[in-house]
Amino acid sequence: MTHLPTMVPRLSWPEVWSRRLDRHGLSAPAAGQPADAVAAMCGAHAQVLSAAEVSIAIRVPGTTRNDVRGALWTERSLVKTFGPRGTVHLLPTSDLPMWTGALGALPPSSNGLPAGARLSEDQTDQVVSAIAEALADAELTIDELTAAVLARTGSWAADPVVPGFGGMWPRWRQAMHLAAHRGALCFGPNHGRKVTYTSPQRWLPGFRPAPASGALASLVRCYLHAYGPATPQQFAQWLSAPRRWATQLFDSLAGELHQVDVAGTLAWDVAGDTAPASVPPHGVRLLPYFDAYTVGCHPREQLFPGPAAQRALSGGQAGNFPVLLVDGTVAGIWHLRRSGRTLHITVEPMTRLTVGHRRDLDVQADRIGAILEGRQQLTIGSVTVGGHA
């Protein structure tokens, strides 16, 4: 191990897990509203919206899935949009200027489509402009949005060149994530079973993306507060951004960051952010699909120790299985099957559960039942369902 100067703060892995659990509201539920919990975890992954509802509610005492839905569709303190990695997220509406300012400034991602299928830079700008205009005062389904974009651009936007579920999507859809990152698009409430899209201006009047440099600095600080100490490479993976770009971004913020030695590995944290966690890592938690803690915490070999890596990761990717968390690290997986109001919860531990762990697990299962407004039946056994795609 490289000898480090004495002024570099040193943390053990238990201290890191303790701190992250505390800041995610997982050591003990945090006071506040759903939007506060989402801000603390740097966004809630919402590709599976029911899982996002559980992720948020387990962090806020007394909160149910209907409270999260109310925050999203009635209070509008949350917004559903394309967030980190181009995946669907719930974000605090008040933080949307920062998020769009930062995400809109990311380097262009690689495009795996053949050259003839890609949008040119000018076509991309045309599509984003068309989306912004079409959604300014409307909630449109994907078919309605397609018609609106084509009417404002050209026939080239309709070319079926993008592989999608069950067929080929029109060329313009390559720019949907970018339109969200530039602040032109977010999700609206469903019309029946159909997804709709609208303008975030309707959620946050006067909204516009924050200037890129300040937004990126704020996002780094938020990320490190929730997931630090961390490296630029881990930040890049969380954001799906180039590693070299992330390293340069951290270098540009050197005056605001400091290095930390975590069990012999150097990582970064926000300067002055030295407050210890209130308690050591402890207790049992049931985290749903794609929970932010599971997806955002690194390194994987520490979060998923021993057999947990083989059982709870999918090709090295986190989030595809709901996980059993014991003292801050993954120690099993679980599955929920609903039958009417009965919630059949099966937990497959990969470590011996103490009497205290079993007691905590019963409490957690009861909490899942309360969040989903059902009666839980807990079973310790094998999970036979595969991971989420």
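One can find the structure itself at the top, above this paragraph.
This report concerns the structure included in the present document. Every value quoted in this text rests on a predicted model; they were computed, and no experiment measured them. (Residues numbered from 1 in each chain as written. Predicted model: local features only at pLDDT ≥ 70, side-chain atom pairs only at ≥ 80, totals over all residues. Heavy atoms only, no water.)

### Focus on the overall build of the protein chain
- In terms of helices and strands, the protein chain carries 15 helices and 16 strands.
- Considering only contacts within the protein chain whose residues lie at least 6 apart along the sequence, 64% involve residues at least 24 apart.
- Accessible surface, the protein chain as shown: approximately 17,100 Å² in total, 53% of it carbon and sulfur.
- If you average the places of the 33 positive and of the 29 negative side-chain charges in the protein chain, the two averages end up 5 Å apart. (Helix = DSSP H or I, 4+ residues; strand = E, 2+ residues; numbered from the N terminus. Contact = heavy atoms within 4.5 Å. Areas by Shrake-Rupley, 256 points an atom, 1.4 Å probe, with all protein chains shown as cover. Lys, Arg positive; Asp, Glu negative; His and termini not counted. Charge placed at Lys NZ, Arg CZ, Asp CG, Glu CD.)

### Points about unusual backbone geometry
- Look at the link from Gly-228 to Pro-229: it is a cis peptide, with omega at -5°.
- Along the chain, Pro-229 falls in the loop between helix H9 (212-227) and helix H10 (232-239).
- In this chain, His-298 is followed by Pro-299 through a cis amide linkage whose omega measures -5°.
- Topologically, Pro-299 is positioned in the loop between helix H12 (292-296) and helix H13 (300-303).
- Despite not being glycine, Ala-263 shows a phi value in the positive range, around 50°.
- Relative to the assigned elements, Ala-263 resides in the loop between strand S10 (257-262) and strand S11 (265-270).
- The class of Ala-263 is exposed, set by a relative accessible area of 54%. (Buried < 20%, exposed > 50% of the residue type's maximum accessible area, 1.4 Å probe, protein only.)

### A look at the sheet that holds strand S1 (residues 10-11)
- Spatial ordering of the open sheet is given by S1-S10-S11, a layout of three strands whose pairing is mixed. The open sheet has two edge strands with one neighbour each: S1 and S11.
- With two bridges connecting them, S1 and S10 associate as parallel partners. Within the sheet, the bridge partner assigned to Leu-11 lies in S10 and is Val-262.
- Taken strand by strand, H9 contacts S10 and S11, and its axis lies near 120° from that of S11. (Pairing = 2+ DSSP bridges. Axes fitted to C-alpha atoms, helices over the stretch in contact; angles between N-to-C directions.)

### Some details on the sheet that holds strand S9 (residues 194-198)
- As summarised here, the arrangement of the three strands in space is S5-S9-S8, forming an open sheet in which the pairing is antiparallel. Looking along the sheet, the strands with just one partner apiece sit at the ends: strand S5 (140-141) and strand S8 (186-191).
- One ladder, built from two bridges, connects S5 with S9; its direction is antiparallel. Bridge pairing links Leu-140 to Tyr-197 in S9.

### Some thoughts on the pattern of salt bridges
- Taken as a whole and judged by the stated rule, the model has 14 salt bridges.
- In this structure, Arg-69 engages Glu-53 in a salt bridge whose closest nitrogen and oxygen atoms are separated by 3.0 Å. Taken together, the residues span a long stretch of sequence, with Arg-69 in helix H4 (residues 65-73) and Glu-53 in helix H3 (residues 49-57) at a distance of 16 residues.
- Under the relative-accessibility criterion, Arg-69 is labelled partly exposed at 33%. (Salt bridge = Lys/Arg side-chain N within 4 Å of Asp/Glu carboxyl O.)

### Thoughts on the side chain of Ser-18
- Looking at the secondary structure, you find Ser-18 in helix H1 (residues 13-23).
- Discounting chain neighbours no more than four positions away, the residues touching Ser-18 are Ser-27, Ala-277, Val-279, Pro-280 and Pro-281.

### Comments concerning the pairing of S9
- Inspection of the sheet shows S8 paired to S9 by four bridges, in the antiparallel sense. Looking at S9, one finds that His-191 is bridged to Lys-194.
- Connecting S8 to the next strand, S9, in antiparallel fashion are two residues, including Gly-192 with a positive phi near 65°.

### Some remarks on H10
- A large share of H10 lies buried, amounting to six of its eight residues.
- Here H10 has its buried residues at Pro-232, Gln-234, Phe-235, Ala-236, Trp-238 and Leu-239.
- Buried-residue contacts for H10 involve helix H5 (96-103), H9, helix H11 (243-252), S11 and H12.
- Looking one or two places after H10, you find Ser-240, whose phi comes out positive at around 60°.

### What to know about the packing of H10 against H11
- It is at 8 Å that the axes of H10 and H11 come closest, and there the two elements cross at 125°. Comparing their axes, H11 and H10 come out oblique. The chirality of how H10 crosses H11 is right-handed. Here H10 contributes Pro-232, Gln-233, Phe-235, Ala-236 and Leu-239 to the contact with H11, which in turn contributes Arg-243, Trp-245, Ala-246, Thr-247, Leu-249 and Phe-250.
- For the contact of H10 with H11, a count of residues per class yields eight nonpolar, two polar and one charged. (Parallel < 35°, antiparallel > 145°, perpendicular 65-115°, else oblique. Left-handed = near helix turned anticlockwise from the far one by under 90°. Nonpolar A, V, L, I, M, F, W, Y, C, P; charged D, E, K, R; others polar.)

### Let's talk about the nonpolar core
- Counting 114 residues, the largest nonpolar core has Leu-185 and Phe-235 as its most contacted members.
- With nine residues, the top contributor of residues to this core is H9.
- Every residue in contact with Leu-185, bar those within four places of it in the chain, is listed here: Thr-81, Phe-82, Ile-131, Leu-135, Leu-145, Met-176, Ala-179, Ala-180, Tyr-197, Thr-198 and Pro-200. (Core = buried A, V, L, I, M, F, W, Y, C linked by side-chain atoms within 4.5 Å.)

### Notes on the packing of helix H6 (residues 121-135) against helix H7 (residues 142-152)
- Running from N to C, H6 and H7 cross one another at 120°; their axes reach a closest spacing of 9 Å. Overall, the two elements H6 and H7 adopt an arrangement that is oblique. Viewed along their axes, H6 and H7 form a crossing whose handedness is right-handed. Here Val-127, Ala-130, Ile-131, Glu-133, Ala-134 and Leu-135 of H6 come into contact with H7, specifically with Leu-145, Ala-148, Val-149 and Arg-152.
- Classifying every residue of the contact of H6 with H7 by side-chain character gives eight nonpolar, no polar and two charged.

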